[in-house]
Amino acid sequence: MTARTSMSARLSSIVLGAAVLAIMQAGCGCNDDGPGDTSLVGTYDGLFDNVATGFNFPLDLAIVPDTAGATDGVMAGDIVVASYGTSEVYLVADPGTADPEPLYAGTDDGLQGTTAISIPPDGNVWAAFEQGGEGDAGGIVVLSPAGDVLAVLDRTTDAIAFDRPGGLCYGGQSSDGTARWMFMVNMGDGTAWRIDMSDGAGSEAAFTLIGSGLATGTAGRPGTPGSGITTSGDLPDGGARGCVHHMGSLYVADAQNARVVRFDGVDTGVDLTGTPLEDTPPDLATYPTGVAVNEEGTLLVISYDNAHAFVALYTPSGGFVDNGLFDLNVNAGNHGMALGHDTIWFTRANNSNGALRAVTPTMDDPPTTQGPIIAQ
């Protein structure tokens with residue numbers, strides 16, 4: 001790949017049917033018990049569909065953080081997408097102006113069904129695959145910003161940790177930089193794992209069970225590059241999905257159990273008991289598949305089968321932020337989510353119209369990946 005201009009500069013020219021205006025700060029309408037105003041939680045009514053297309057059942061995405069230092073390949077502000085139906089990882093460098101390009105095919109290393117993407121501050125791309133690998137239990141691939149394979153982790157690395165991973169998220173690092181953490185959630189056995197490493201390339205990876213009791217489900221039937229799946233019936237059914245780490249706790253989208261579960265003390269704890277977010281109204285997160293935390297510590301949840309796709313919750317209890325975001329009328333099939341400063345990016349998991357989508361405060365505010373971007 002050749003050197004490219006920054007994502008912020010490229011996105012300044014995107015029109016998407018709306019005039020390019022200065023990014024506005026949106027008020028959250030929070031109550032007195034919650035956090036203050038936030039740029040990420042507000043009454044959003046700008047829905048941008050098909051910002052990037054060509055995916056086959058995209059289940060997750062991540063934005064490359066501002067801290068990534070690459071000047072070619074995957075750069076700060078780029079979007080990386082997990083295309084489950086073709087078992088590929090896609091790079092979206094110019095949403096709305098350029099076609100997504102394949103960055104990596106899991107089938108090259110015997111892995112199928114891309115379920116999750118996470119990008120730590122160093123810009124390396126972590127991708128989880130539901131199937132293939134040792135024992136057909138799935139695996140994780142670590143890619144450099146240039147797209148080179150740095151590590152393949154599966155049951156060869158740890159004999160019991162993998163059981164069809166469906167969630168993957170960044171967990172921070174020690175103050176001296178000598179230890180890095182990622183987290184993985186399994187759809188096969190409902191467990192959550194901490195991955196301890198000596199660097200961002202997955203070196204000396206060690207897996208620790210930090211939680212269990214999450215939903216389990218049945219395996220999907222993923223396709224291959226050039227031969228994607230044709231129906232949602234080929235997707236995994238049930239099981240825990242996306243995760244996010246925040247202030248020492250891991251939040252997991254526990255899909256068919258219709259809840260978000262919090263595991264506290266995951267930085268040091270072992271096989272912890274999860275706590276469903278007790279203050280969340282039960283009819284709001286009906287089939288949660290993705291979670292993210294914004295700059296103010298508010299938890300955003302996306303549900304696959306809910307026309308009111310988004311819910312904003314206080315951390316750590318899960319109290320509902322009545323901010324109007326949940327009233328945004330978005331059709332079903334949404335799965336993964338990532339946050340820009342004033343943009344919520346998400347995927348529509350479908351074959352013929354699998355797409356990258358976005359919501360912004362108004363239709364006059366085009367979607368951007370303007371930072372700060374929190375590595376998740």
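The structure presented is a predicted model; accordingly, all values stated were derived computationally and were not measured.

Participant: How should the overall build of the chain be read in this particular structure?
Facilitator: What the chain contains, in helices and strands, is 1 helix and 25 strands. A total of 376 residues make up the chain; the buried ones form 60% of that total. A sequence separation of at least 24 residues applies to 57% of the contacts in the chain between residues at least 6 apart.

Participant: Explanation requested: empty space enclosed by the protein in the structure shown.
Facilitator: The rolling of a water-molecule-sized probe over the atoms marks out the regions of remaining empty space. Under the definition given, this model contains 1 cavity of 30 Å³ or more. Roughly 340 Å³ of volume is contained in the largest cavity. Lining the largest cavity are 35 residues, and of these Leu61, Val291, Met337, Ala338 and Gln376 lie nearest its centre. At the level of elements, strand E2 (58-63), strand E6 (111-118), strand E10 (165-173), strand E16 (240-246), strand E20 (288-293) and strand E23 (334-339) are the ones that each hand at least two residues to the lining of the largest cavity.

Participant: Looking at this structure, how should I read the pattern of salt bridges?
Facilitator: Side-chain pairs of opposite charge can arise whenever the charged atoms involved come near each other. In this structure the tally under the stated criterion is 7 salt bridges. As a salt-bridge pair, Arg357 and Asp49 come within 2.7 Å of each other at their nearest N and O atoms. Of this pair, Arg357 sits in strand E25 (residues 354-360) while Asp49 sits in strand E1 (residues 46-55), placing them 308 residues apart in sequence. For Asp49, a relative accessible area of 38% puts it in the partly exposed group. Between Glu130 and Arg164 there is a salt bridge, and its shortest N-O distance comes to 2.7 Å. In this pair, Glu130 is assigned in strand E7 (residues 125-132) and Arg164 in the loop between strand E9 (149-153) and E10, connecting sequence segments 34 residues apart. Here Glu130 matches Arg164 in class, with each residue buried.

Participant: What is the right way to read the layout of surface pockets from this model?
Facilitator: The computed volume of the largest pocket comes to approximately 150 Å³. Around the largest pocket, the lining comprises 13 residues; the ones closest to its centre are His245, His246, Ile374, Ala375 and Gln376. Those elements that provide at least two residues to the lining of the largest pocket are E10 and E16. Partitioned by chemical class, the residues of the lining of the largest pocket number 5 nonpolar, 7 polar and 1 charged.

Participant: Would you mind showing me how to read the pairing of E6 here?
Facilitator: Side-chain positions along a regular strand alternate between the two faces of the sheet. In terms of residue burial, E6 counts as a mostly covered element, since 7 of its 8 residues are buried. Taken together, E6 and the strand that follows it, E7, pair antiparallel across an intervening segment of 6 residues, in which Gly123 is found at a positive phi of about 90 degrees.

Participant: Is there a simple way to explain the sheet that holds E6 in this structure?
Facilitator: Strands in a sheet are paired, the pairing made by backbone hydrogen bonds, and the direction either parallel or antiparallel. Taken in spatial order, the 4 strands make up an open sheet running E6-E7-E8-E9, and their pairing is antiparallel. Of all strands in the sheet, those with a lone pairing partner are E6 and E9, marking the two edges. Ignoring strand direction, the axes of neighbouring strands in this sheet form an average angle of 25 degrees. Across 6 bridges, the pairing between E6 and E7 is antiparallel. Paired with Ile117 across the strands is Ala127, a residue of E7.

Participant: In this structure, what is going on with the nonpolar core? I would like to understand it.
Facilitator: Nonpolar side chains in soluble globular proteins tend to be buried together. In this structure, Ile140, Met184 and Phe207 are the most contacted members of the largest nonpolar core, which totals 20 residues. At the level of elements, E7, strand E8 (139-143), E9, E10, strand E11 (180-186) and strand E12 (192-197) are the ones that each hand at least two residues to this core. Per element, the largest residue contribution to this core is 3 residues, and it comes from E12. With residues near it in sequence (within four places) discarded, Met184 still touches Ile140, Ala161, Phe162, Pro165, Gly167, Leu168, Thr191, Ala192, Trp193, Ile195 and Phe207. Counting 18 residues, the second largest nonpolar core, distinct from the first, contains Ala68, Ala82, Ala127 and Phe129.

Participant: How do you make sense of the side chain of Asn334 when you look at a structure like this?
Facilitator: With respect to the helices and strands, the residue Asn334 is situated in strand E23. Polar contacts involving the side chain of Asn334 include one to the side chain of Arg357, which spans 2.9 Å.

Participant: Would you take a moment to explain the sheet that holds E20 for this structure?
Facilitator: Read across the sheet, 3 strands follow the order E20-E21-E22 without closing on themselves; strand pairing throughout is antiparallel. Each edge of the open sheet is held by one strand with a lone partner, namely E20 and strand E22 (310-313). This sheet shows a mean twist of 20 degrees between the axes of neighbouring strands, independent of strand direction. With 5 bridges joining them, E20 and strand E21 (residues 299-303) adopt antiparallel strand pairing. Note that in E21 the partner of Gly290 across the bridge is Ile302.

Participant: Got a minute to help me understand the pairing of strand E18 (residues 259-264) in this structure?
Facilitator: Bridging between strand E17 (residues 249-254) and E18 involves 6 bridges; their strand directions are antiparallel. Along E18, the bridge assignment pairs Ala253 with Val260. Hairpin connection between E17 and E18: a loop of 4 residues separates the two successive antiparallel strands, and Ala258 in this loop has a positive phi of roughly 55 degrees. Here 2 bridges tie E18 to strand E19 (residues 275-276), and the two strands are oriented antiparallel to one another. Bridge pairing links Val261 to Pro276 in E19.

Participant: Quick question: what am I supposed to make of the confidence of the model for the chain here?
Facilitator: Note: predicted coordinates in regions of low pLDDT should not be interpreted at a detailed level. Looking at the chain as a whole, the pLDDT averages 85, with 88% of positions reaching at least 70. Of the regions scoring below 50 in pLDDT, residues 5-39 engages in 85 contacts with residues more than four places distant in sequence or in other chains.

Reading guide: rules and limits
Residues numbered from 1 in each chain as written. Predicted model: local features only at pLDDT ≥ 70, side-chain atom pairs only at ≥ 80, totals over all residues. Heavy atoms only, no water. Helix = DSSP H or I, 4+ residues; strand = E, 2+ residues; numbered from the N terminus. Buried < 20%, exposed > 50% of the residue type's maximum accessible area, 1.4 Å probe, protein only. Contact = heavy atoms within 4.5 Å. 1 Å grid on protein atoms, 1.4 Å probe; cavity = no way out; pocket = protein on both sides within 12 Å on 5 of 7 lines; lining within 4 Å. Points joined across faces, edges and corners; volume = space filled by probe spheres on them. Salt bridge = Lys/Arg side-chain N within 4 Å of Asp/Glu carboxyl O. Nonpolar A, V, L, I, M, F, W, Y, C, P; charged D, E, K, R; others polar. Pairing = 2+ DSSP bridges. Axes fitted to C-alpha atoms, helices over the stretch in contact; angles between N-to-C directions. Core = buried A, V, L, I, M, F, W, Y, C linked by side-chain atoms within 4.5 Å. Polar contact = N/O pair within 3.5 Å; in protein donor to acceptor, adjacent residues only side chain to side chain. pLDDT = per-residue confidence, 0-100.

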